[in-house]
Structure formats: structure tokens, C-alpha cells
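# Fold and contact review
These are the residues of each chain, in order.
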Amino acid sequence: MRSFTKTTLSLATAGLLIAGLSACSTTADATAPAENSSSSSSSSSEGATPKALASIPALSGVDTSVLLDADFAAALTSLGLTPGTVGTATLTDGSLHFPITGGNVDYYDPEEDYRPFVQGSIEHEGSGFSLTAGETTVELTNFTIDPGTSKLFGDVSVNGESAATQVLLFNLYGGTLKPLQMDGDNAILEGTTVHISAEAAGLLNDTFMTDAVADQLLVGIAKITVATK
């Protein structure tokens, strides 16, 4: 793996990948996941839309992986929960992998007032993970990352029945993000931490009849690999 340089991608595209695909807020407190109450749609409605400095109109491949935190894995064990994969997701060496299936990202000049300056979505249709205890199985699938709000949404089902559609599942914080690297034609961003949302914690606690799933519990470290060609 070699370090990213401007000869690999244009400077604008590099900024797009760093700010967009990391799904992070660099102004957040270093000890907590980023919270951003503004949405892309509400911020974008203020004034005319400027021209994007860079765009990736159609994301395709390769994947978003999450290296599960040891404390999170221990918490699952203490609750008697068994994790598993759904659809095209895989579990390898302690990391869950979810293939990127679509989406788009636009990057606007951060020096201007237009916010969020990164907008779009990163989609992972047809994959997810499950948590099983006894006869109850919860599946979290079809993840969508919103880089403008540093949030990850997804569908939830309980024993095959839909419980929620594109609900907020995880908050993302990029304060520990490593520098962008390249591996062939793939851009790699690693280090964003993934924290369970209050909504997801409440749903899991209610389903499994516990209060042990804490809001903002650290799930793991994300690694986003994106094909640039």
C-alpha cells in the first residue's frame, strides 16, 4: 500500500474522498461522536446551489468494513447475543464487510457558506448483520451513510418482520481518521469510529428485554475502500 499523492487523483477529488467518505466532523469534541443537527436538505435550501468542486456521481465498490471493538464483542457475549452476517456481508478476522452498491458524493468549497459542503450518500444494499438470542433475531441491513450529517441509517427487522426503515442506527466520528491511502485504484480511509445511536440502543434493549446497550456504545473502527476507476 502506498501513500496518497496529488499525482494519483486531482486535489479536488482527494478533498472529496477525505471529507465525504470519512463521514466525520473535524470540529467535534475529541472524545465523543460527532453530532450535526442540520440536514443536507435544510442547509441546501438557503440560497442558490453553487457548483460542486468535485463529484462522484455513481459510487460502485468496494466496501465498508468495521473492525469490531473488543468491549462491544464482550458486551454481546454477556448479553447472550450471537452476531451473524446477512446477505452479501462477510465476517473476516473480526471485521464485518459490507459491499458498496451505489450512491454519490458532491464536494463544495468549504471556504464558502454552503453547508454541508459534502453531500450525497454511500449505499450498501443487500447486506447487514444480525443479533440472535434464543428465538429472537434482529437484522440490521441496507446501510446508507450520509456524509453531510455523519450518520448511518438502515433497515431493521425482528424475526423477519420489518420493524423500521432507514432509521438512524449509528453515529460516525472521524477524529481518529488516518491519512488517505491508495492501494492500486482503490482509495482507503480508515479510523472513523462507529457508535450505536440512541434509537438503535433503545430498539435493541426493548427487543432483547435489557438495558445494557448504552447510547453511543463504541461498535468498532470503520475502513472505507472506494474504487476510483
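Now for a quick tour of the structure. Computed from a prediction, not measured in an experiment: that's the story for all the values here.

Counting 38 residues, the largest nonpolar core has F129, L140, L169 and F170 as the members making the most contacts within it. With sequence-adjacent residues up to four places away left out, F170 is seen in contact with F129, L140, K151, L152, V194, H195, I196, S197 and V219.

This part covers helix α3 (residues 70-78). Taking the backbone nitrogen of D71 as reference, a side-chain oxygen 3.0 Å away marks D69 as the first, capping residue of α3. G80 occupies a position one or two residues after α3 and carries a positive phi of about 75 degrees.

On to the environment of T137, then. Relative to the assigned elements, T137 resides in strand β9 (residues 136-146). Each C-alpha atom of the pair T137 and P83 lies 9.5 Å from the other, and the pair is 54 residues apart in sequence. Once residues within four sequence positions are removed from consideration, T137 is found in contact with S130, L131, T132, S157, V158 and N159. Polar contacts involving the side chain of T137 include one to the side chain of T132, which spans 3.0 Å.

Right, let's talk about the side chain of S197 for a bit. In this fold, S197 is placed in the loop between β13 (186-196) and α4 (198-208). Excluding residues that lie within four positions of it along the chain, S197 makes contacts with L168, L169, F170, N171, D215 and Q216.

Turning our eyes to something else, we now look at the pairing of strand β10 (residues 151-158). The buried fraction of β10 is high, at six of eight residues. Summarising the sheet, β9 and β10 pair through seven bridges and their orientation is antiparallel. Paired with L140 across the two strands is V156, which belongs to β10. In the sheet, β10 pairs with strand β11 (residues 161-173) via seven bridges, with the strands oriented antiparallel. The residue bridging L152 from the neighbouring strand is F170, located in β11. Hairpin remark: β10 followed by β11, antiparallel, with two residues in the connecting loop; positive phi at N159, about 50 degrees.

Thresholds, definitions, all that
- Residues numbered from 1 in each chain as written.
- Predicted model: local features only at pLDDT ≥ 70, side-chain atom pairs only at ≥ 80, totals over all residues.
- Heavy atoms only, no water.
- Core = buried A, V, L, I, M, F, W, Y, C linked by side-chain atoms within 4.5 Å.
- Buried < 20%, exposed > 50% of the residue type's maximum accessible area, 1.4 Å probe, protein only.
- Contact = heavy atoms within 4.5 Å.
- Polar contact = N/O pair within 3.5 Å; in protein donor to acceptor, adjacent residues only side chain to side chain.
- Helix = DSSP H or I, 4+ residues; strand = E, 2+ residues; numbered from the N terminus.
- Pairing = 2+ DSSP bridges.

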